[in-house]
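Residues per chain, in single letters:
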2 protein chains.
Amino acid sequence: MRFGHFDDAKKEYVITNPRTPLPWINFLGTQEFFSLISNTSGGYSFYKDPLYRRISRYRYNNMPLDSGGKYFYINDGGTVWSPGWKPAQTELDSYECRHGLSYTSIRGEKKDLSCTQLSFVPLDAACEVQLLTLENTGSSEKNISLFSFVEWCLWNAHDDMNNLQRNLSIGEVEIHEGTIYHKTEYRERRNHIAFYHSSRTPEGYDTDREAFFGMYNNFHNPQTVMAGEPNNSVANGWSPVASHCNKLTIAPGETVQLVFVLGYVENPDEEKWKAPGQINTTRAEKLIEAFGTPEKAEKAYAQLCDYWDTLLSGFQLDHEDERLERMVNVWNQYQCMVTYNFGRSASFYETGIGRGLGFRDTNQDLLGFVHLIPERAKERILDVAATQMRDGSCFHQYQPLTKRGNDAIGGDFNDDPLWLIASVSAYIKETNDWSILEERVPFENNPEDTGSLFEHLTASVDHVLNNRGPHGLPLIGRADWNDCLNLNSFSTNPDESFQTADSKDGDTAESVLIAALFVYYGREYAELATRTNQAAEAERILTAVSEM
Amino acid sequence: MRFGHFDDAKKEYVITNPRTPLPWINFLGTQEFFSLISNTSGGYSFYKDPLYRRISRYRYNNMPLDSGGKYFYINDGGTVWSPGWKPAQTELDSYECRHGLSYTSIRGEKKDLSCTQLSFVPLDAACEVQLLTLENTGSSEKNISLFSFVEWCLWNAHDDMNNLQRNLSIGEVEIHEGTIYHKTEYRERRNHIAFYHSSRTPEGYDTDREAFFGMYNNFHNPQTVMAGEPNNSVANGWSPVASHCNKLTIAPGETVQLVFVLGYVENPDEEKWKAPGQINTTRAEKLIEAFGTPEKAEKAYAQLCDYWDTLLSGFQLDHEDERLERMVNVWNQYQCMVTYNFGRSASFYETGIGRGLGFRDTNQDLLGFVHLIPERAKERILDVAATQMRDGSCFHQYQPLTKRGNDAIGGDFNDDPLWLIASVSAYIKETNDWSILEERVPFENNPEDTGSLFEHLTASVDHVLNNRGPHGLPLIGRADWNDCLNLNSFSTNPDESFQTADSKDGDTAESVLIAALFVYYGREYAELATRTNQAAEAERILTAVSEM
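Moving on to the relation of the copies chain A and chain B. Relating the two copies of this chain is a rotation about some axis coupled with a shift parallel to it. Each copy of the sequence occupies a distinct position, and chain A is placed on chain B by a rotation of 180° and an axial shift of 0.0 Å, giving an RMSD of 0.0 Å. Within this description, the copies of the chain are treated as partners about a two-fold rotation axis.

Let us look at the nonpolar core. In terms of nonpolar packing, the biggest core is built from 134 residues, with Ile-55, Leu-134, Leu-146, Trp-152, Trp-308, Val-424 and Phe-518 of chain B touching the most fellow members. The residues contacting Leu-134 of chain B, other than those within four sequence positions of it, are Ile-74, Leu-113, Ser-114, Cys-115, Ile-144, Leu-146, Leu-248, Ile-250, Glu-254, Thr-255, Val-256 and Leu-258 of chain B. Leu-36, Val-338, Ile-428 and Tyr-525 of chain A belong to the second-largest nonpolar core, a separate cluster that totals 91 residues.

Turning our eyes to something else, we now look at the pattern of salt bridges. Summed over the entire model, instances satisfying the criterion amount to 82 salt bridges over all chains. Notably, a salt bridge pairs Lys-429 of chain A with Glu-524 of chain A, separated by 3.0 Å at the nearest N-O pair. In this pair, Lys-429 of chain A sits in helix 10 (residues 416-431) while Glu-524 of chain A sits in helix 12 (residues 512-531), placing the two residues 95 residues apart along the sequence. Lys-429 of chain A gets classed as exposed once you look at its relative accessible area, which sits at 63%. Classification of Glu-524 of chain A by relative accessible area gives buried; the value is 15%. With a shortest N-O distance of 3.0 Å, Arg-344 of chain B and Asp-361 of chain B are connected by a salt bridge. Linking Arg-344 of chain B in the loop between helix 7 (322-342) and strand 22 (357-358) with Asp-361 of chain B in helix 8 (residues 359-369), this pair joins segments that are 17 residues apart in sequence. Arg-344 of chain B sits in the partly exposed class, given a relative accessible area of 37%. A residue is classified by how much of its surface remains accessible, and Asp-361 of chain B, at 11% relative accessible area, is buried.

Moving on, we come to the pairing of strand 5 (residues 43-47) of chain A. Residues and elements named next belong to chain A. Judged by how many residues are buried, strand 5 sits mostly within the fold: five of five residues are covered. Side-chain alternation along strand 5 places Gly-43, Ser-45 and Tyr-47 on one buried face and Tyr-44 and Phe-46 on a second face that is also buried. In terms of strand pairing, strand 4 (residues 33-38) meets strand 5 through five bridges, oriented antiparallel. What sits directly across from Ile-37, in strand 5, is Gly-43. Where strand 4 folds back on strand 5, the antiparallel hairpin that results is connected by four residues, among which Ser-41 adopts a positive phi of roughly 70°.

The next subject is the side chain of His-192 of chain B. Residue and element names in this part refer to chain B. By the secondary structure assignment, His-192 is in strand 16 (residues 192-198). According to the relative accessible area criterion, His-192 is buried, its value standing at 0%. For His-192, the side chain forms a polar contact with the side chain of Arg-53, separated by 3.3 Å. Not counting residues within four places of it along the chain, the set of residues in contact with His-192 comprises Arg-53, Trp-155, Tyr-186, Tyr-264, Val-265 and Glu-266.

Residues and elements named next belong to chain A. Following both chains from N to C, one finds helix 5 (residues 282-291) and helix 6 (residues 294-313) inclined at 80°, their axes separated by 6 Å at the closest point. With respect to helix 6, the axis of helix 5 lies roughly perpendicular. Contact with helix 5, carried on its side by Glu-289, Ala-290 and Phe-291, involves Lys-296, Ala-297 and Ala-300 of helix 6 and no other residues of that element. Residue composition of the contact of helix 5 with helix 6, by class: four nonpolar, no polar and two charged.

Here we take up the environment of Asn-17 of chain A. Residue and element names in this part refer to chain A. Within the secondary structure, Asn-17 sits in the loop between strand 2 (12-15) and strand 3 (25-28). When the C-alpha atoms of Asn-17 and Asp-93 are compared, they prove to be 12 Å apart, with 76 residues separating the residues in sequence. Ignoring sequence-local partners within four residues, the contact set of Asn-17 consists of Met-1, Phe-3, Asn-39 and Tyr-95. Within the local environment of Asn-17, its side chain forms a polar contact with the backbone nitrogen of Arg-19, the two atoms lying 2.9 Å apart.

Turning our attention to the sheet that holds strand 10 (residues 103-110) of chain A. All names here are of chain A. With respect to topology, 10 strands assemble into an open sheet ordered 1-2-9-10-11-12-19-16-15-14, the strand pairing being antiparallel. Each edge of the sheet is formed by a strand with only one pairing partner; in this case those strands are strand 1 (4-7) and strand 14 (173-176). With strand direction ignored, the average angle separating the axes of adjacent strands in the sheet is 15°. As paired strands, strand 16 (residues 192-198) and strand 19 (residues 255-266) are joined by seven bridges and run antiparallel to one another. Paired with His-197 across the two strands is Val-261, which belongs to strand 19. Docked against the sheet, helix 6 engages strand 10, strand 11 (113-120), strand 12 (127-136) and strand 19, running at close to 55° with respect to strand 11.

Per-residue pLDDT for chain A has a mean of 94; in total, 96% of the residues score no lower than 70. Both scores are given for the predicted complex: the pTM is 0.94, the ipTM 0.93.

All names here are of chain B. One open sheet holds the three strands; their spatial order is 22-23-24, and the pairing between them is antiparallel. Strands with a single pairing partner mark the edges of an open sheet, and in this sheet they are strand 22 and strand 24 (405-406). Bridge analysis of strand 22 against strand 23 (residues 397-398) gives two bridges, and the strand direction is antiparallel. The residue bridging Leu-357 from the neighbouring strand is Tyr-398, located in strand 23.

Cut-offs applied
Numbers given for residues are sequential positions, taken from 1 along each chain in its written order. Chain labels run from A onward and ligand labels from 1 onward, assigned in the order the entries are written. With pLDDT at 70 or above as the cut-off, local features in this predicted model cover only qualifying residues; side-chain atom pairs require 80 or more to be listed or tallied, and sums for whole chains, interfaces and linings still use all residues. To obtain the side-chain values, all non-hydrogen atoms of the structure were included, while hydrogens and water were left out. C-alpha atoms of residues with pLDDT of at least 70 in both copies form the basis for the least-squares superposition of the copies. We define a nonpolar core as any set of buried Ala, Val, Leu, Ile, Met, Phe, Trp, Tyr and Cys residues linked to one another through side-chain atoms lying within 4.5 Å. To sort residues, take the accessible area from a 1.4 Å probe on protein chains only and compare it with the maximum for the residue type: under 20% means buried, over 50% means exposed, and anything in between is partly exposed. The contact rule is simple, with two residues in contact once any of their heavy atoms fall within 4.5 Å. Here, a salt bridge means any side-chain nitrogen of Lys or Arg that lies within 4 Å of a carboxyl oxygen of Asp or Glu. By the criteria applied, helices consist of DSSP H or I runs no shorter than four residues and strands consist of E runs no shorter than two, each listed in order from the N terminus. The rule for pairing is simple: two strands pair if DSSP sees at least two bridges between them. Polar contacts, as counted here, are pairs of nitrogen or oxygen atoms within 3.5 Å of one another; within protein the pair requires one atom able to donate a hydrogen and one able to accept it, and residues that are adjacent in sequence qualify only if both atoms are side-chain atoms. To get an axis, a line is fitted to the C-alpha atoms, and for a helix only the part in contact is used. The angle between two axes follows their N-to-C directions and goes from 0 to 180 degrees. Between 65 and 115 degrees an angle is taken as roughly perpendicular, under 35 as roughly parallel, over 145 as roughly antiparallel, and anywhere else as oblique. Basically, the charged four are Asp, Glu, Lys and Arg, the nonpolar ten are Ala, Val, Leu, Ile, Met, Phe, Trp, Tyr, Cys and Pro, and anything else, Gly included, counts as polar. Values of pLDDT, ranging from 0 to 100, describe the predictor's confidence in every residue of the model.

Listed below in C-alpha cells is the structure:
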C-alpha cells in the first residue's frame with residue numbers, strides 16, 4: 001500500500017493517506033524553539049529542552065498512539081472535521097500532508113471547504129507560527145466555527161506526568177483578547193510564560209480542559225466543538241489548555257487566512273509585572289507583532305525556505321540516479337540538521353525526559369552537519385567540551401537548557417573522551433579555523449577552572465593512557481562504543497534499570513575497540529599538535545599509539 | 001444532581017449514573033495483590049508495590065480522565081457495549097455500580113441482556129477474580145461475542161512510561177488455551193509472571209495492542225470488537241495485552257457465568273522452566289484451580305464478605321443518626337484499612353511512582369487501623385522501624401516491595417522519629433502486647449545491625465534531644481509535620497522540584513511543633529519505660545520534657 005511520495009521539486013515528502021502505519025513525523029525549529037509534528041498534527045513543542053521547558057503536553061505510548069497535539073477543529077453546520085483528519089477523524093473529501101524542510105503543511109477538504117494548516121518555527125524567534133488558509137470552493141456562503149487547541153504542559157515534562165499533587169493545583173492562565181497566556185508558576189519562581197495567539201479576535205475561548213472536552217469526550221469529539229460554542233472557561237488548576245473559537249463567514253470563492261502564534265517569552269525579574277497580578281506582555285506582543293498577520297507569516301515562511309536553499313547549496317551532487325540525489329542533496333543533510341537540533345533526545349520514541357544530549361552522540365553527529373553550520377558546530381563543541389572533567393572523563397549526557405552535564409545514566413564511559421577529538425578534528429578540516437583550539441573552555445562547567453580546547457583534547461588522550469589494564473590496553477569502563485556493554489547483566493535485581501546499573505569498577509577488563517579508537521584519534525590529535533608547533537606532544541602520543 | 005446513594009444493609013455505595021463528575025473509585029485487595037477500580041471499570045492492578053510490580057498499564061491524567069482499565073466488551077449482533085458504560089460508551093438500558101468492602105460489582109443491561117461484573121481480590125491469593133454473570137432477559141436466543149481486555153504494564157511503572165527504547169522491544173507473552181501469560185523479561189532476569197485466564201476456553205484471543213484496537217481506534221471502538229472476531233495475535237515487543245474472545249449462545253431466561261482470573265506468580269529460580277523456552281505454569285494453574293469456576297469464585301467472595309463482617313464487628317456504634325453509624329461502623333474503618341493497604345502511595349491522584357510508603361504517614365495511619373488488624377499493624381511497625389538509622393533519623397519513605405527506605409524526596413524530616421513512638425504506644429494500648437518492645441529490628445535495613453524496638457524508640461527521643469537549637473528547642477530540619485516547610489522556597493532554579501530541594505542545613509531554626517510533639521510522645525515513651533521497669537530512662541526523658 002502506498003501512503004506517500006517525494007516531491008523533489010519542492011523538497012517535500014507528500015502523504016496522501018492519513019492512516020499511515022505509524023505516525024510519520026517532521027521536526028520543526030532550527031534554533032531554540034522546537035516542535036514535533038505528525039502527519040495528523042499530533043505532537044508537541046518545547047523551548048531548548050524537552051525535559052525542562054516542555055510547552056505543550058503530549059502522552060507517549062498513548063492509546064491509540066499519537067493522540068494529542070496542536071489541533072484545529074471546524075464545525076460546519078454540525079459537521080465537525082479537522083484538516084489533518086485526526087483528531088476529529090471525520091472522513092475527508094481530500095487530504096494531503098507535506099513534510100518540508102522545517103515546515104509541515106496539512107490540507108483537508110470537506111463539504112466544499114478546504115483548510116490548509118502551515119506550521120513552522122520562524123528563524124530567530126521562539127514561537128511556532130500556524131498559518132491557516134480556508135477557502136470556500138462551493139457556491140454558497142459558509143458559516144463555520146473554527147476551534148484551535150493546545151494543552152499546556154506544566155514546564156517540567158517529568159514532573160508533569162508524575163506529580164499530580166502539584167500539577168492539579170497550580171495551573172494559571174491570563175487572557176487578553178486573542179491571546180491566552182500560560183503563566184503557571186510565573187508568580188512564584190519563574191520568569192517565563194508561553195502564549196497562544198489568534199490573529200483574528202475570536203468570539204470566545206476555553207482554557208480549562210474539562211470545560212472544553214467534557215469529562216467523557218475525547219480528542220475526536222470535544223463537547224465545545226460539537227456544540228459550536230465556546231465556554232470562555234478560565235482554568236484555575238487542573239489542566240489548563242488554550243482554545244480560540246473564531247466564527248467565520250466565507251463567501252463562495254473567498255479565501256480567509258488566520259495566523260496563530262504559539263510563543264515562549266522570558267522576562268527579566270525586574271520586568272515581570274505590568275501591574276500587580278498582571279503579567280508583562282510586552283515581549284509577547286513584540287513576537288505577535290512580528291508574525292501575526294498572514295503577510296508577515298508568509299514572509300517568515302519564505303525566509304525559512306531561503307535559509308534551507310542556502311544551507312543545502314554548499315554541498316550538491318549531480319547524479320543520474322534521482323534517488324541518490326534526493327538522499328544526498330536533501331534528506332540526509334536535513335536529517336543531520338535535525339540530529340543537530342534534537343540530538344536524539346526527543347522524538348516520537350525518545351520521550352525527551354531520560355537522556356539530554358549525549359556526549360558521544362553529539363561529537364559523532366557533528367560529523368554529519370559541520371559542513372552545513374560550522375559556526376554552530378563550533379558552539380556545540382565548546383558546550384560539550386565544557387562538561388569534561390579535568391582528568392579527561394566526561395559526563396555521558398548534558399541538558400541543552402542548562403548546558404550542564406548529567407549522570408542520569410551514569411558516567412565512566414571510557415570511550416567518550418576520544419570522540420571529542422573526532423569532532424574538533426572534523427571541524428578544523430571543514431573550516432581551517434585553528435583558533436578553536438585556543439578557545440577557553442571550562443572543565444566540569446566550572447567557569448573558575450578553564451583550559452584551552454587543546455588542553456581538553458590532551459585530557460582526552462591522557463585519560464586513555466592513564467586508565468589501562470594488564471596488557472597496556474585501555475580499560476573498558478562502562479562502554480567501548482557498544483551500548484550493550486552497559487546492560488545490567490550483573491544485577492540480580494530486576495528493578496534496576498538496564499541503563500542505570502552501577503559500574504563494576506575494575507582494573508583488568510580491557511577494550512580492543514577503545515584501543516583502536518585511540519590509534520585512530522591519537523594520530524589525529526598528533527596531527528593537530530604538529531600543526532600547532534607542539535612537536536614533542538605529537539611525538540609523545542604517536543609513541544603511545546605505536547606501542548598500543 | 002444525584003449520582004448515587006448508600007445501601008446500608010449491604011454496606012455498599014451504589015452509583016446509578018456512570019457519568020460521575022470525576023471517577024468514583026474503590027480499592028480492591030487486602031494483603032499483597034491490589035487493584036484500583038472506578039465506577040466505569042477504569043484502573044489497574046499491582047503486586048505489593050505500585051512502582052516495582054505494576055501489572056496492568058494505566059495512564060494518569062489521561063485525556064479524557066480514567067481512560068484505560070480492565071474492560072469487558074459485548075458485541076451483540078453489531079451492538080457493542082460494556083457493562084460499565086465505558087469504555088464502549090454505548091447508552092445502556094440500565095446501569096448500576098456497587099462499591100462494596102473490597103469488591104466492586106458493575107451491572108449493565110442492553111437489548112434484553114444483562115451483564116454483571118463482580119471484581120475482587122480473594123483472601124490469601126495474588127490475583128483478582130472477575131465473576132461475569134450474563135442473563136438473557138428477552139424471549140429470543142442471544143449469540144454474542146464477549147471480549148475481555150487487560151493491557152500489561154512492563155513491571156516497573158516509571159520505566160514503563162519513560163524508556164520506550166526498552167519497552168517497545170521486550171514484550172513477551174505465552175498462550176495456553178484460556179490463559180495468556182505475560183512473561184516479559186522472565187527469560188532474562190525475572191522470576192515472576194502475570195497471567196489472565198478465562199474459565200471457558202475461548203474461541204480466540206489477542207495479545208498485541210495494535211492488532212486488537214487498530215492503529216486509529218480507541219478504547220471505545222476496538223476494531224476487533226467491532227468486527228466480532230479475534231485475530232489470535234501474538235505480541236512480540238510493542239505493547240502486549242490480553243484479550244479473550246468468548247462466543248456465547250444464551251437461551252431466553254438462561255444465565256451464563258464465566259470467571260476471569262488476573263494473577264501474579266513467582267517461581268523459584270530453579271523452577272522457572274517446564275521445557276526450554278516454556279515457562280513453568282504449575283503455580284499459576286494452582287491459582288486458577290482455586291478460583292476458576294463460578295462456584296469457587298462465589299465461595300471466595302463469600303469468604304471476603306465474612307472477613308469484613310468479622311473485622312467490623314470489633315467496633316460498632318449504636319446511634320440514632322444513621323449517617324454517624326454509617327461513617328463510624330463501616331466507611332471510616334474501611335478507609336483506614338484502605339490507607340493501611342495503599343498507604344497513600346497509589347490512588348487516582350497519586351501515581352504510585354514517586355512516594356512509596358511514608359514513614360510519618362505510616363505511623364500516623366496506624367492509629368486508625370490498629371484495632372482492626374493488630375497483628376498486621378505489628379508487622380508494619382517492625383517494617384517501618386527497620387528503615388530507621390542508628391542516630392534515630394529516618395528514611396522519609398520506603399518501598400513496600402523491598403521494605404527498604406528510599407530518599408526520593410530527601411531525608412532529615414526531624415519530626416519523623418517521634419511518630420514511631422505514637423504507633424508503638426497505640427499498638428500496645430490496643431493489644432497489651434508488650435513483647436513488641438523486645439522484637440529485634442534492624443537499623444537501616446541492615447540485618448547485621450539490630451536493636452530491640454525499644455532501642456529504636458530511644459534513638460527517636462535521643463535524635464530530638466541531640467538536634468537542638470539555641471533555645472534548646474528541636475531543630476526544624478526539613479519539616480515539623482508541615483509539608484509546606486519542604487517547599488523549595490530558597491531555590492532560584494525553577495527546575496528544581498518543590499519536593500526534592502536540598503535541605504538547608506543549619507543550627508538555628510527551631511520548631512515549636514516538634515517540641516510539642518516531644519512533650520507529648522516523650523511522656524508516652526516514659527510511660528513505656530516505666531512499665532518495662534526502666535525507671536531511670538523514664539526519669540531522664542521526663543526531665544527533658546519538663547525542661548523543653
